[in-house]
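Structural description and commentary
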Amino acid sequence: MKKALNFLLILTFALTLLVHIHKSASLLFLLLCVVHAALHWRKMDARRGVVLGLIFASFLTGVIGLIFEEIPIILALHKVMSITVVFFLAIHIFVFISKIFPRAKKDKSSGG
């Protein structure tokens, strides 16, 4: 189940980057993030809590930006937060993929 959830998280994460389906995919991504955090709540530390908080804040600023379109600072804040979330989630994905699939180390004894 966790592998299916992780696959869905990566899929919805990629879909939120697309412009035309951004809004519906981001809602699904938010819900999957909450489920993912609930499944791994024992491993949650302050850094991961901050990333989850940034995801919520980015979602909320996106919704508020849709409601109050005439206030451009909200959409600018949403863009900055979204870019920050993408950066931190890319680091999170890289760290955990490298833990799941460790890289083969070169053998120094072969002399090559």
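Presented here is a report on the structure given in the accompanying data block. Treat the numbers as computed from the prediction; the structure is a model and nothing was measured. (Residues numbered from 1 in each chain as written. Predicted model: local features only at pLDDT ≥ 70, side-chain atom pairs only at ≥ 80, totals over all residues. Heavy atoms only, no water.)

1. Let's talk about the overall build of the protein
Each helix and strand in the protein was counted, giving four helices and zero strands. When the elements of the protein are put in sequence order from the N terminus, they spell out α-α-α-α. On C-alpha atoms alone, the protein measures out to a radius of gyration of 17 Å, which is more than a quarter above the 13 Å that the 2.2 N^0.38 rule sets for 112 residues. If you line up the protein on its principal axes, its C-alpha atoms span 65 × 30 × 30 Å. Classification of the 112 residues of the protein by burial places 23% in the buried group. Within the protein, residue pairs in contact and separated by at least 24 positions form 55% of the contacts whose partners lie at least 6 positions apart. (Helix = DSSP H or I, 4+ residues; strand = E, 2+ residues; numbered from the N terminus. Rg over C-alpha atoms; globule rule 2.2 N^0.38 Å. Buried < 20%, exposed > 50% of the residue type's maximum accessible area, 1.4 Å probe, protein only. Contact = heavy atoms within 4.5 Å.)

2. Re the packing of helix H2 (residues 22-39) against helix H3 (residues 46-67)
Closest axis-to-axis distance for the H2/H3 pair is 11 Å, and the angle between their directions is 155°. Viewed along their axes, H2 and H3 adopt a mutual orientation that is roughly antiparallel. In this structure, H2 crosses over H3, and the sense of that crossing is left-handed. In this structure, H2 contributes Lys 23, Ser 26, Leu 27, Phe 29, Leu 30, Cys 33, Val 34 and Ala 37 to the contact, and H3 contributes Leu 52, Ile 55, Phe 56, Phe 59 and Leu 66. Tallied by class, residues from the contact of H2 with H3 come to 11 nonpolar, one polar and one charged. (Axes fitted to C-alpha atoms, helices over the stretch in contact; angles between N-to-C directions. Parallel < 35°, antiparallel > 145°, perpendicular 65-115°, else oblique. Left-handed = near helix turned anticlockwise from the far one by under 90°. Nonpolar A, V, L, I, M, F, W, Y, C, P; charged D, E, K, R; others polar.)

3. Describing the environment of His 40
Summarising the element assignment, His 40 is placed in the loop between H2 and H3. Spatially, the C-alpha atom of His 40 lies 9.7 Å from that of Lys 2, the residues being 38 residues apart in sequence.

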